[in-house]
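Geometric and topological summary
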Amino acid sequence: MNSTEKEAHRLDAADPGHRHLFHVPPAEGGRYPQVAYLAGNSLGLQPRATRDELLADLDDWRRLGVEGHVEAGRPWLPYHELLTGPAARLVGARPAEVVVMNSLTVNLHLLMVSFYRPAGERTRIVIEDSAFPSDSYAVRSQARFHGLDPDATVVRLRPRDGEDTLRTRDVLDFLAAEGDTVALVLLGGVNYLTGELMDIPAITAAGRAAGAVVGWDLAHAVGNVPLALHDWDVDFAAWCSYKYLNSGPGALAGVFVHERHLGDPELPRFEGWWSTEATTRFEMTPVSRPPATVEAWQVSNPPIFAMGPVRTSLELFDSVGMPALRERSLRLTGWLERLLDEVTADRPLTVVTPRDPARRGCQLSVRIGVSARSEPGLRAPQSRTEGGWAGSANELTKRLRHEHGVIADAREPDIVRFAPVPLYSTYHDCWRVADALAASVEVQR
């Protein structure tokens with residue numbers, strides 16, 4: 001693949017991205033000093049600016065103590081407001097509709113307090129069968145909280161037999177046929193396992209037309225694909241920021257609530273210290289006066305040192321812009337797809353992510369141990385073959401890392417996920433993925 005490697009270097013020279021703004025870990029194996037990092041859909045790399053900016057916030061605490069709330073270089077009392085504008089621009093929202101707080105599943109629970117209101121025959125919650133486990137646990141526990149049987153309440157929409165991804169048409173048909181029993185639709189914007197980008201505006205419109213509330217888990221969509229939550233009329237959404245937003249492990253998450261719900265006195269909501277109006281917060285009255293913004297969903301005061309890395313990342317996205325990142329993502333992911341096509345043609349490997357660029361972000365998921373000649377996107381029967389790969393997905397990712405310096409991630413038993421992140425991944429990284437797979441998985445005989 002030497003000629004292809006030269007082409008990768010040529011593409012990188014013409015389309016360099018922003019790798020210089022990030023710390024790239026050293027490789028533990030292979031011929032190159034740095035890893036080919038294709039796991040940004042699990043944990044993004046650290047921006048170079050993060051450390052210095054976080055240390056500056058820490059230094060304000062050292063110098064000022066409690067006075068840092070109003071005298072710090074970035075005062076702590078209104079600190080969360082520094083994140084609001086760039087977060088709103090990133091998800092296509094108005095500033096009053098977005099706040100950064102808590103973690104993803106905590107936020108989903110807080111939002112479902114408001115928006116999952118089962119009544120009469122309208123009790124069901126619709127998710128995708130391959131939803132991230134935390135989402136499954138959350139909706140089942142919400143059903144139990146309301147005294148409902150989660151097995152009867154939670155509807156798990158499955159792909160058609162033999163297919164890996166959920167067709168939008170099937171979601172729309174279900175909502176048209178049974179929408180009068182649905183209280184909440186809560187799907188992943190980009191599926192964590194397959195990398196499929198759902199048709200958020202079409203499904204949102206169908207759900208709301210059926211009388212349901214429609215929310216989205218955007219953990220794998222934010223910072224990956226362009227979003228327009230306000231214009232798409234989404235009721236609510238939540239996302240984490242440690243994947244494509246590169247804000248660090250366990251970083252603070254984000255929340256969107258459409259403005260039509262803001263200031264609604266009939267909407268139930270859990271409240272706390274930070275749920276009341278900022279201008280009257282220190283009057284210390286016993287009754288909250290929530291603002292007509294999404295900040296009414298805040299419960300506790302913001303953790304400043306956890307917010308710093310999120311702010312640094314959001315400012316980076318603001319400076320580069322999602323349109324430019326999406327264009328580079330299409331080029332980079334298309335290049336990886338082309339290389340994987342060559343490798344999977346005669347090996348027991350199948351790309352299960354949709355081939356249509358409009359139906360995916362920058363993640364390509366590869367199933368191992370199936371017929372290499374299955375149609376893309378279809379699950380082929382398992383069969384014993386000579387050659388190929390006899391181990392698990394986890395074992396394959398370990399080999400890629402320790403023998404080739406390629407970091408991807410595994411979802412057992414048989415999916416390996418590769419994410420060429422447009423901010424910092426390179427065409428040469430993609431070439432290294434294909435080269436490492438070719439060396440690790442034998443040709444099927």
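Keep in mind that what you see is a predicted model, and the values were worked out from it rather than measured.

1. Section: the overall build of the protein chain
- Within the protein chain, the secondary structure is distributed over 13 helices and 13 strands.
- Here the C-alpha radius of gyration of the protein chain, 23 Å, is about what a compact globule of 445 residues would show, namely 22 Å.
- Partitioning the contacts of the protein chain with sequence separation of at least 6, the portion at a separation of at least 24 is 72%.

2. Quick word on the UniProt feature "domain: Aminotransferase class V" (unreviewed entry) in the protein chain
- The sites that UniProt annotates as "domain: Aminotransferase class V" (unreviewed entry) are residues 88-344.
- Along residues 88-344 the backbone is 37% helical and 13% strand, and the end-to-end C-alpha distance reaches 40 Å.

3. Here's the deal with the sheet that holds strand β13 (residues 415-418)
- Overall, antiparallel pairing links the four strands, which are arranged β9-β10-β13-β12 in an open sheet. Two strands bound the open sheet, and with one partner strand each, they are β9 (349-351) and β12 (409-411). Each neighbouring strand pair of the sheet contributes to a mean axis angle of 30°, computed without reference to strand direction.
- In terms of strand pairing, β9 meets strand β10 (residues 364-368) through three bridges, oriented antiparallel. Looking across to β10, one finds that V351 is bridged to V366.

4. Some words on the sheet that holds strand β3 (residues 124-128)
- Pairing is mixed in the open sheet, where seven strands are placed in the order β2-β8-β7-β6-β5-β3-β4. Looking at which strands have only one partner, the edges of the open sheet turn out to be β2 (98-101) and β4 (154-157). Averaged over all neighbouring strand pairs, the angle between strand axes comes to 20°, with direction disregarded.
- Here three bridges tie strand β6 (residues 213-217) to strand β7 (residues 236-239), and the two strands are oriented parallel to one another.

5. Describing the packing of aromatic side chains
- Taken as a whole and judged by the stated rule, the model has nine aromatic pairs.
- Both rings, one in F132 and one in Y192, keep their centres 5.1 Å apart while their planes meet at 85°; by these two values the pair is edge-to-face. Here Y192 lies in the loop between β5 (182-188) and α9 (200-209) and F132 lies in the loop between β3 and α6 (133-145), a separation of 60 residues in the sequence.
- With relative accessibility at 14%, the residue Y192 sits in the buried group.

6. Here we look at the environment of I200
- Checked against the element boundaries, I200 lands in helix α9.
- In sequence terms I200 and G405 are 205 residues apart; their C-alpha atoms lie 36 Å from each other.
- In this structure I200 touches G189, W216, L218, L227, W232 and V234, once residues within four positions along its chain are discounted.

7. Some remarks on the nonpolar core
- If you look at the biggest cluster of nonpolar residues, it comprises 67 residues, and the most contacted ones within it are V185, W216, L218, W239 and L423.
- Broken down by element, this core gets its largest block of residues, seven residues, from helix α10 (residues 304-320).
- The residues contacting V185, other than those within four sequence positions of it, are V126, L175, I203, A212, V213, V214 and G215.
- Counting residues in each nonpolar core, the second largest holds 32 residues, with L11, V343, V366 and Y427 among its members.

What counts, and at which threshold
Residues numbered from 1 in each chain as written. Predicted model: local features only at pLDDT ≥ 70, side-chain atom pairs only at ≥ 80, totals over all residues. Heavy atoms only, no water. Helix = DSSP H or I, 4+ residues; strand = E, 2+ residues; numbered from the N terminus. Rg over C-alpha atoms; globule rule 2.2 N^0.38 Å. Contact = heavy atoms within 4.5 Å. UniProt positions renumbered as here; feature names shortened; annotations may be inferred. Pairing = 2+ DSSP bridges. Axes fitted to C-alpha atoms, helices over the stretch in contact; angles between N-to-C directions. Phe/Tyr/Trp six-rings, centres within 6.5 Å; stacked < 30°, edge-to-face > 60°. Buried < 20%, exposed > 50% of the residue type's maximum accessible area, 1.4 Å probe, protein only. Core = buried A, V, L, I, M, F, W, Y, C linked by side-chain atoms within 4.5 Å.

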